[in-house]
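# Structural features, examined
So the chains spell out like this:
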Amino acid sequence: MSPIDKNTPAQVLVHNYASHIKGKVILTTGVSPGSLGSYFVQSIAAAEPRCLILAGRNRSKIQQTADEIKASHPSVETRLVEIDLASFESVRQAAAEINSWPDIPAIDVVVNNAAIMATEYALSREGVESQFATNHLGPFLLTNLIMGKVLAARSPRVVMVTSDGHRLSGIRFTDYNFDNGKVYNRWLAYGQTKTANMLMAIALAEKLAARNLLAFSLHPGVIFTNIASHLEDLDSSFKELGALDRAQGNPEGWKGLDPKPLETGVSTHIYAAFDPDLAEHNGKYLIDCHVADPWVDTVKPWATSPIEAERLWKLSEELVGEKFTY
């Protein structure tokens, strides 16, 4: 197996883990063209998975990704699932559809990749700040509703795509809605959701390790994809982020961005989903194809606390209106 680091392209990872990808059923959210999710599923298609379940809000866009997979790897089956992660009703409908498939009794890997970033203040249909609803509560509900099929797999994994943006905020347990927008900061709200992604992986590992589940969160790096397409003035937006980092004393406030291309941007996705040696690191946060080192990498304690993870689990159950006890 070739050695891997932050510059290792996706194709090398797929080659390394080909035997662990072949024949697997993998569900990925956020797979519209130009996204990390789309590049991830197209990359792993080369290793002949059994089925790629493509979940996204816009059916025509996920169909484009399915068509590209069909053109390059015609033997790989794809299934399309429409889902709006900001809507609990949509998530429940999507989960019911997935659970209704008799020919797919197990899902080997779930990659919660979809997200929005630094959007203007808005509430979901259920009255939750939109970034928190889309980036955390939607994936939380979806993953738990299909957990029966996940746990039916021989070596199930759940991957949460987070960000080193978790540095910006812990969970605002008593004010996740930013006082109805009165104290809203779009970057703090984004940071809260990325902390939530990390805490969800910790909670899943804690609750379901005994049932063979592995769960990880990961920072893919800075990659310019369609997640930032709504930011009309990128320079101004990232200056705003830098000012917030400086106010908090984060070193990122004095550094320039170091973007990655898509070829290496999804490498940690592949590492998290398929590396066979990660079992001893269940629940951990990954970056640049390694387990993050809090002495070297940006890892905030509020995003690695099992106490915070359990608090968030309980809050999430309350907000989605359903308990998940394992």
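You'll find the structure just up there.
Predicted, not measured: the structure shown is a model, and the values here were computed from it. (Residues numbered from 1 in each chain as written. Predicted model: local features only at pLDDT ≥ 70, side-chain atom pairs only at ≥ 80, totals over all residues. Heavy atoms only, no water.)

### What about empty space enclosed by the protein?
- Counting across every chain of the model gives one cavity of 30 Å³ or more.
- Its volume calculated, the largest cavity comes out at about 30 Å³.
- Lining the largest cavity are Asn 112, Ala 114, Ala 115, Asn 135, Pro 139, Met 160, Val 161, Lys 194 and Asn 197.
- Mapped onto the lining of the largest cavity, the elements with two or more residues apiece are α6 (130-145), β5 (157-161) and α8 (186-208).
- Taken together, the residues of the lining of the largest cavity break down into five nonpolar, three polar and one charged. (1 Å grid on protein atoms, 1.4 Å probe; cavity = no way out; pocket = protein on both sides within 12 Å on 5 of 7 lines; lining within 4 Å. Points joined across faces, edges and corners; volume = space filled by probe spheres on them. Helix = DSSP H or I, 4+ residues; strand = E, 2+ residues; numbered from the N terminus. Nonpolar A, V, L, I, M, F, W, Y, C, P; charged D, E, K, R; others polar.)

### Brief notes about the packing of aromatic side chains
- One pass over the structure, following the stated rule, counts seven aromatic pairs.
- Centroid distance Phe 132 to Tyr 176: 5.9 Å. Interplanar angle 20°. Geometry classified as stacked. Placement of the pair is Phe 132 in helix α6 and Tyr 176 in the loop between β5 and α8, with a sequence separation of 44 residues. For the pair shown, Phe 132 and Tyr 176 are each scored as buried.
- Between the aromatic rings of Trp 313 and Tyr 326, the centroid separation amounts to 6.4 Å while the plane-to-plane angle is 70°, which identifies the pairing as edge-to-face. (Phe/Tyr/Trp six-rings, centres within 6.5 Å; stacked < 30°, edge-to-face > 60°. Buried < 20%, exposed > 50% of the residue type's maximum accessible area, 1.4 Å probe, protein only.)

### What about the packing of helix α5 (residues 88-99) against α6?
- Axis separation between α5 and α6 bottoms out at 9 Å; the angle between their running directions is 25°. One element, α5, and the other, α6, form an angle in the roughly parallel class. Here the hand of the crossing between α5 and α6 comes out right-handed. In contact with Phe 88, Val 91, Arg 92, Ala 95, Ile 98 and Asn 99 of α5, α6 contributes Leu 137, Gly 138, Leu 141, Leu 142 and Leu 145.
- A breakdown of the residues in the contact of α5 with α6 according to their chemical character gives eight nonpolar, two polar and one charged. (Axes fitted to C-alpha atoms, helices over the stretch in contact; angles between N-to-C directions. Parallel < 35°, antiparallel > 145°, perpendicular 65-115°, else oblique. Left-handed = near helix turned anticlockwise from the far one by under 90°. Contact = heavy atoms within 4.5 Å.)

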